[in-house]
Amino acid sequence: MEKILIIGASGQIGGACMNVLAADFKLVGTYFSHAKENLLKLDFTDKENLESVMKSVKPSVVILASALTNVDYCETHPLEAKKMNEDAVSSVAFECNKINAKLVYISTDYVFDGQDGPYTEEDIPSPISIYGRTKYNGELNAKKAGKWLIIRTGNVFDYGFDEKNFVVRTIERLKNNEQIKVQSDLFASPTLATHIANAIRLLLLAKKSGLYNVCGQEVMSRSQLATQIAVFFKLNAKLITPIKSSELNLAASRPLRGGLISKKLELEVGLPAMPLQTAFSLIQKKMDKNG
Ligand SMILES: NC(=O)c1ccc[n+]([C@@H]2O[C@H](COP(=O)([O-])OP(=O)(O)OC[C@H]3O[C@@H](n4cnc5c(N)ncnc54)[C@H](OP(=O)(O)O)[C@@H]3O)[C@@H](O)[C@H]2O)c1
């Protein structure tokens with residue numbers, strides 16, 4: 001069985017990969033600040049720490065799901081963003097080359113400017129934030145690995161890995177009868193983390209390399225997503241007030257007309273984009289199971 005090292009297995013996408021890939025691969029996962037059973041501690045910005053983990057695990061594939069993901073924090077802390085989203089990716093690519101391992105790098109639709117999304121793999125990146133720029137440079141650094149697979153995704157949610165995502169937070173707020181203000185001009189493709197893990201599994205089994213978009217089927221605004229959440233989970237949609245992004249005075253600009261098209265994935269490994277209703281049903285099942 002092939003061995004995979006999942007860096008960032010305590011996060012949302014890394015956690016989903018731990019669940020989905022376990023049947024086909026031998027997995028070793030890492031955490032940084034949120035210790036979890038059976039995960040190794042790793043700071044991927046520490047070259048010695050990274051080298052020693054790579055040496056002891058000797059994976060044939062490394063899934064890099066660690067990054068500085070807070071878009072506004074990146075904008076106000078550009079050096080930290082560069083260190084994690086660019087420099088550490090270079091170090092991982094360097095270590096992969098030493099043992100001929102394939103690097104799977106998770107990227108984002110924030111590499112685009114959001115003038116005319118949704119985007120295909122052929123569209124030219126033009127980031128408008130520090131997060132987007134460092135993630136795009138991270139892609140370029142990931143390509144320094146001899147064997148690489150880059151997954152672009154966006155607006156990720158799920159249940160059971162990390163409950164700070166927009167969908168789970170919106171469910172909680174609406175359940176608590178909180179009024180929420182949500183952007184009506186920020187469009188993306190909401191994507192279930194488990195769908196990303198399913199895509200990575202199929203791409204690895206098919207020995208694919210290159211760039212693939214992996215996303216949900218619909219492109220919609222945040223406020224449309226909040227309304228769909230209210231309808232599906234039978235919550236009060238009247239608590240949702242649509243607002244313009246500019247009203248929030250956020251540190252970082254967002255690609256307003258973002259979102260992705262994942263036809264290449266469907267054509268090459270037969271996995272169609274997941275409809276939002278399917279993703280919500282899967283979340284509902286997990287929530288019910290959790291009581
Ligand atoms: N979430 C989205 O909507 C979205 C959209 C597009 C692309 N992406 C990309 O997908 C990837 C994963 O995102 P996610 O949402 O799963 O993120 P997440 O839930 O915030 O997880 C981030 C992971 O990085 C780990 N980490 C943080 N600092 C680290 C360090 N110094 N060394 C090693 N690991 C460290 C965290 O470990 P601890 O928690 O243990 O500290 C956690 O496991 C990122 O590359 C992100 O840019 C995410």
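See above for the structure.
Notes on the structure in this doc start here.

Criteria and cut-off values
Residues numbered from 1 in each chain as written. Predicted model: local features only at pLDDT ≥ 70, side-chain atom pairs only at ≥ 80, totals over all residues. Helix = DSSP H or I, 4+ residues; strand = E, 2+ residues; numbered from the N terminus. Rg over C-alpha atoms; globule rule 2.2 N^0.38 Å. Buried ≥ 20, exposed ≤ 12 C-beta atoms within 10 Å, placed from the backbone. Contact = placed C-beta atoms within 7 Å. Pairing = 2+ DSSP bridges. Axes fitted to C-alpha atoms, helices over the stretch in contact; angles between N-to-C directions. Near = placed C-beta within 6 Å. Parallel < 35°, antiparallel > 145°, perpendicular 65-115°, else oblique. Left-handed = near helix turned anticlockwise from the far one by under 90°.

Across its full length, the protein chain carries ten helices and 13 strands. Rg of the C-alpha trace for the protein chain: 18 Å, near the compact-globule value of 19 Å for 291 residues, within the 12% margin. If one aligns the C-alpha atoms of the protein chain with their principal axes, the spans along those axes are about 55 × 40 × 40 Å. Here the protein chain holds 291 residues, and the buried ones make up 47% of them. Counting contacts in the protein chain only where the partners sit at least 6 residues apart, residues at least 24 apart contribute 78% of the total.

On to the sheet that holds strand β5 (residues 102–108), then. Two pairing modes exist for strands in a sheet, parallel and antiparallel, and in both the strands are linked by backbone hydrogen bonds. Sheet architecture is open: seven strands sit in the order β3-β2-β1-β4-β5-β6-β11, paired in parallel fashion. Two strands close off the open sheet at either side, each with one partner strand: β3 (39–41) and β11 (210–213). Taking the axes of each pair of neighbouring strands and ignoring which way they run, one obtains an average angle of 20° across the sheet. Sheet analysis places strand β1 (residues 3–7) next to strand β4 (residues 61–64), joined by four bridges and oriented parallel. The partner of L5 across the bridge, within β4, is V62. In the packing of helix α7 (residues 193–205) onto the sheet, the strands contacted are β4, β5, β6 (147–153) and β11, and the crossing angle to β6 comes to about 155°.

Moving on, we get to the site of the ligand. Taken together, 27 residues surround the ligand, and among them G11, F32, S33, S66 and A67 come closest. Those elements that place two or more of their residues in the shell around the ligand are α1 (12–21) and β5. Per element, the largest residue contribution to the shell around the ligand is three residues, and it comes from α1.

The next thing to look at is the environment of L103. Tracing the chain through its elements places L103 in strand β5. Sequence separation between L103 and Y136 is 33 residues, and the spatial gap between their C-alpha atoms is 15 Å.

In this section: the packing of α1 against α7. In the contact formed by α1 and α7, the axes pass within 8 Å of each other and the chain directions differ by 55°. Comparing the axis directions of α1 and α7 gives the class oblique. In the packing of α1 onto α7, the handedness of the crossing is right-handed. Every residue of α7 that contacts α1 at Q12, I13, A16, C17, N19, V20 and L21 is listed here: A193, T194, I196, A197, N198, I200 and R201.

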